[in-house]
Amino acid sequence: MLTADKVLVTVGTPCSLSAVGSTETYLAKVVGAPEFIGYAAFDAGLVDIEDSGDATPRFRWAAGEEAGSPASLEEIERRHGATLRAQLGIRHIPELTALGDAVVTDIAASLPHDLADGGLRRLAGLGYRDVRESALKDMYGLFDDDPRLGPSLQAQLFVYAGLGALAALPVSLAELVPDPYDFRVAAATAFPGMDALAEWRAAGSSALTNDKLRDKFAMRLANALASHGPALIATMLAPAYPLSKSLKNPALLESLRTPSGFTRVPQTPLNAVGACASSSIAFCEIAPQLLLDYPGFRRPRLALWTAADAAARPHWEILDAFGPGALMTRAKLEAMNAERAPAERRSVSDCLAPFDVDANGTVVGEAGSGLIVTTLDFALRNFLDITSIIVGWGQSGEAGGKAHFAGVGFGGENAIIHALDMAWRGHGYGVGDFQYMVAHATGTRTNSKTDLTTVAAGRAAAAERQGARGSLPRVVVGTPKAVGDGHSMGETGLKAVSQALQYLLGKPAVGVPTLRTLDPDLGAASESFVLDRAPVAGNSDGGAFCATQGFGGYNGAIALRAAHPEALARYSPDPKVLDAYLERWPQLRREREQRERHWRLRRGAALELAQMHRWRGLD
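Residues numbered from 1 in each chain as written. Predicted model: local features only at pLDDT ≥ 70, side-chain atom pairs only at ≥ 80, totals over all residues. Heavy atoms only, no water.

Draft legend 1. Geometry of the overall build of the protein chain. Helix and strand content of the protein chain: 23 helices and 15 strands. Rg of the C-alpha trace for the protein chain: 24 Å, near the compact-globule value of 25 Å for 619 residues, within the 12% margin. Reported as C-alpha extents along the three principal axes, the dimensions of the protein chain are approximately 70 × 65 × 55 Å. Per-residue burial over the protein chain gives 57% buried out of 619 residues. In the protein chain, the 61 positive side-chain charges and the 68 negative ones have mean positions that sit 3 Å from each other. (Helix = DSSP H or I, 4+ residues; strand = E, 2+ residues; numbered from the N terminus. Rg over C-alpha atoms; globule rule 2.2 N^0.38 Å. Buried < 20%, exposed > 50% of the residue type's maximum accessible area, 1.4 Å probe, protein only. Lys, Arg positive; Asp, Glu negative; His and termini not counted. Charge placed at Lys NZ, Arg CZ, Asp CG, Glu CD.)

Draft legend 2. Broad picture of the sheet that holds strand 6 (residues 183-188). In space, the eleven strands of this open sheet follow the order 7-6-8-9-1-10-15-14-11-12-13, with mixed pairing throughout. The sheet is open, and its two borders are formed by strand 7 (270-272) and strand 13 (529-530), each paired with just one other strand. Sheet analysis places strand 14 (residues 543-550) next to strand 15 (residues 554-561), joined by eight bridges and oriented antiparallel. Its bridge partner being in strand 15, glutamine 549 is matched across the sheet by asparagine 555. Across the face of the sheet, helix 20 (residues 492-504) comes into contact with strand 1 (8-17), strand 8 (302-309), strand 9 (367-375), strand 10 (386-396), strand 11 (436-438), strand 14 and strand 15 while running at roughly 165° to strand 14. (Pairing = 2+ DSSP bridges. Contact = heavy atoms within 4.5 Å. Axes fitted to C-alpha atoms, helices over the stretch in contact; angles between N-to-C directions.)

Draft legend 3. A look at the packing of helix 1 (residues 23-31) against helix 2 (residues 36-43). It is at 8 Å that the axes of helix 1 and helix 2 come closest, and there the two elements cross at 155°. As judged from the angle between their axes, helix 1 and helix 2 are roughly antiparallel. In this structure, helix 1 crosses over helix 2, and the sense of that crossing is left-handed. Mapping the contact onto sequence places Glu24, Thr25, Ala28 and Lys29 in helix 1 and Phe36, Tyr39, Ala40 and Asp43 in helix 2. Residue classes in the contact of helix 1 with helix 2 are distributed as four nonpolar, one polar and three charged. (Parallel < 35°, antiparallel > 145°, perpendicular 65-115°, else oblique. Left-handed = near helix turned anticlockwise from the far one by under 90°. Nonpolar A, V, L, I, M, F, W, Y, C, P; charged D, E, K, R; others polar.)

Draft legend 4. Up close: helix 14 (residues 278-291). For helix 14, with 14 residues, the first-to-last C-alpha span of 21 Å sits near the 20 Å given by 1.5 Å per residue. Here helix 14 lies mainly inside the structure; twelve of its 14 residues are buried. Among the residues of helix 14, those classed as buried are Ser278, Ser279, Ser280, Ile281, Ala282, Phe283, Cys284, Ile286, Ala287, Gln289, Leu290 and Leu291. (Expected span 1.5 Å × (residues − 1).)

Draft legend 5. Representation of the pairing of strand 1. Counting buried positions along strand 1 yields ten of ten residues, so the element is predominantly enclosed. Where strand 1 meets strand 10, four bridges bridge the pair, whose relative direction is antiparallel. When the sheet's bridge partners are listed, threonine 10 is paired in strand 10 with serine 388. Both strand 1 and strand 9 contribute to a ladder of seven bridges, which runs antiparallel. Considered in strand 9, the bridge of valine 11 is made with isoleucine 372.

Draft legend 6. Just the packing of aromatic side chains, in detail. Scanning all chains against the criterion turns up ten aromatic pairs. Aromatic pair phenylalanine 283 and tryptophan 305: ring centres 4.9 Å apart, planes at 45°, arrangement tilted. Taken together, the residues span a long stretch of sequence, with phenylalanine 283 in helix 14 and tryptophan 305 in strand 8 at a distance of 22 residues. A relative accessible area of 1% places phenylalanine 283 in the buried class. Taken together, a centroid distance of 5.3 Å and an interplanar angle of 45° make the contact between tyrosine 581 and tryptophan 585 tilted. (Phe/Tyr/Trp six-rings, centres within 6.5 Å; stacked < 30°, edge-to-face > 60°.)

Draft legend 7. Quick look at the nonpolar core. Among the nonpolar cores identified, the biggest contains 148 residues, and Met236, Phe283, Phe355, Ile386 and Leu568 are the most heavily contacted of them. Those residues within four positions of phenylalanine 283 in sequence are excluded, and the remaining contacts are Leu8, Trp305, Val373, Ile390, Trp393 and Ile558. Among the nonpolar cores identified, the runner-up in size contains 13 residues, and Ala108, Ala190, Trp316 and Phe322 belong to it. (Core = buried A, V, L, I, M, F, W, Y, C linked by side-chain atoms within 4.5 Å.)

Draft legend 8. Broad picture of helix 11 (residues 228-237). A large share of helix 11 lies buried, amounting to eight of its ten residues. Looking only at helix 11, the buried set comprises His228, Gly229, Pro230, Leu232, Ile233, Ala234, Met236 and Leu237.

Draft legend 9. Structural context of the pairing of strand 9. With respect to burial, strand 9 is a largely interior element, nine of its nine residues being buried. Of the pairings in the sheet, the one linking strand 8 to strand 9 comprises eight bridges and is antiparallel in character. Looking across to strand 9, one finds that leucine 304 is bridged to isoleucine 372.

Draft legend 10. Spatial organisation of the pattern of salt bridges. Taken as a whole and judged by the stated rule, the model has 37 salt bridges. A salt bridge links aspartate 182 to arginine 301, with the shortest nitrogen-to-oxygen separation between them at 3.9 Å. Separated by 119 residues along the polypeptide, aspartate 182 in the loop between helix 8 (173-176) and strand 6 and arginine 301 in the loop between helix 14 and strand 8 bring together distant segments of the chain. Linking arginine 445 and aspartate 521 is a salt bridge whose minimum nitrogen-to-oxygen distance equals 3.2 Å. (Salt bridge = Lys/Arg side-chain N within 4 Å of Asp/Glu carboxyl O.)

Draft legend 11. Summary view of the environment of glycine 38. Looking at where glycine 38 falls in the secondary structure, it is placed in helix 2. Filtering out sequence-adjacent residues up to four positions away, glycine 38 remains in contact with Val47, Phe59, Leu73 and Ile76.

Draft legend 12. Expanded view of the packing of helix 18 (residues 413-427) against helix 19 (residues 445-465). Their axes nearest at 8 Å, the elements helix 18 and helix 19 cross at an angle of 35°. Considering the relative orientation of helix 18 and helix 19, their crossing is right-handed. Contact residues: helix 18 offers Glu413, Ile416, Ile417, Leu420, Asp421 and Arg425, while helix 19 offers Thr454, Val455, Ala457, Gly458, Arg459, Ala461, Ala462 and Arg465. When grouped by side-chain class, the residues that make up the contact of helix 18 with helix 19 number seven nonpolar, two polar and five charged.

Draft legend 13. Structural view of the side chain of threonine 375. Positionally, threonine 375 belongs in strand 9. Given a relative accessible area of 10%, threonine 375 falls into the buried group. Here the side chain of threonine 375 touches phenylalanine 378 through a polar contact of 3.2 Å, landing on its backbone nitrogen. Residues in contact with threonine 375, not counting those within four places in the same chain, are Ala4, Asp5, Val7, Leu8, Val9, Leu290 and Leu291. (Polar contact = N/O pair within 3.5 Å; in protein donor to acceptor, adjacent residues only side chain to side chain.)

Limitation: the analysis is restricted to geometry and does not speak to function.
Next comes the structure, spelled out in structure tokens:
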């Protein structure tokens, strides 16, 4: 059995933003909570939410003559319900619909409301004036309101989700990890900041005379890099100084020195690009670094695992790249509904239907997520709320992509075998100890079958390696994509973990909400799984795993177990440390939940969290 310093845990729950909305909006939609429409109105900027210190939200109108007055769910529904629902989740995109047959499809799952057009900067507090008037004022140039100079939408998603994850911490990051060099961002994305690329000038397209924007090449260039969002998180948290000030005042640089010789800056962000498995692969790369002992190696003590993709920007080009065969289209939806009674027709919001006979295509989505990861020993000693024990992870190439690079082939089960093998050999958990799987489930009939076939093969191989005999227990399946996120590209694996954590915390997690008629072509592949529309009841003594598949043979898997006193004690932590932690754990859980709700339902939270958690220099 591993010791507590060689076991990884999650702290808190992911901060996310997707086509459905922010974290609380998404969770409410999974369980069908009536507060869903109120949270959607918050995302849209129509209402503010009063911090009442409990789980019962109190809504107030945000603007107009009624600003500050109470807003009931009934009134929000009456005034804005239909519009809000039309602006979120999987939906027809009006600007694409207007183009008719000139586009591959007009169905997408881009960010809701106005969040892609300035709304996210307002929600996060990342406007030029916000930063200029904050403790991060020296960074104001990075947040120019001009879209040619300001952070790309993808970078904004990274900052919103990454900094939002810090809400799980009971004290500031700078207090928890006094030396910034012990902190690292592990980030994933499938695409660069493509909306920023649209602001670049094509070669020879115009004269350069008096074009002052060209002088700000660094911002224009950086905004389009896949690495910009993760670096922006690290820079906002670091004791950073403008180059001009540093050169004129050497004392600023001296303030970065430490007796150890390491400069007071975070480690460089780890950036992983692995198609749709990007976030899973990023975790597989950061995990050994948190645990590795090697002479002279300085391992991170705490990591921020984050992922984001704004793949549909700037002009929906990615839809043409996928083509009509892989995507859900208006024509497919109309053909599907043509012979059906009105009550049996699918709406555009539930047209992504994995494992169903209606699985006729995927839907491109945009999203960002962030989550804190550290060792069990560090979490216990610092009284961090442990929400799961990470017991295994794995990655793998495969034999697909030979004739078609986007193909999914064979061999991807190695990632699953690796994760389950690690859980068995290092933690003592067998294949049967994982009851819930969050599937990749892109919404095509091909992927539905490869999804289940690969997982079934991986479980069977892992069981054989463990000496297990007989049939394995069936696994309950869930998929966030079918709630309305669509396929959020490189972020999708981390979003899967968010639902796995809900399950392990004993709360309802997503099932397959768009499932109606099981696809008979799944055959024997479906016999090892429970596929149902209803939310899945949580299990605070259970196990969950997530498996992702990506274009070109990228595959990742992660296995998690519920955290409870007996589970923590398995790893022989210092008895006094464990006793002190367990005594406070119920309070730590309540306070963490309250903090996360407070910050996730507060405008300008990303900037405020950056100011709270940053390492200070000579301010």
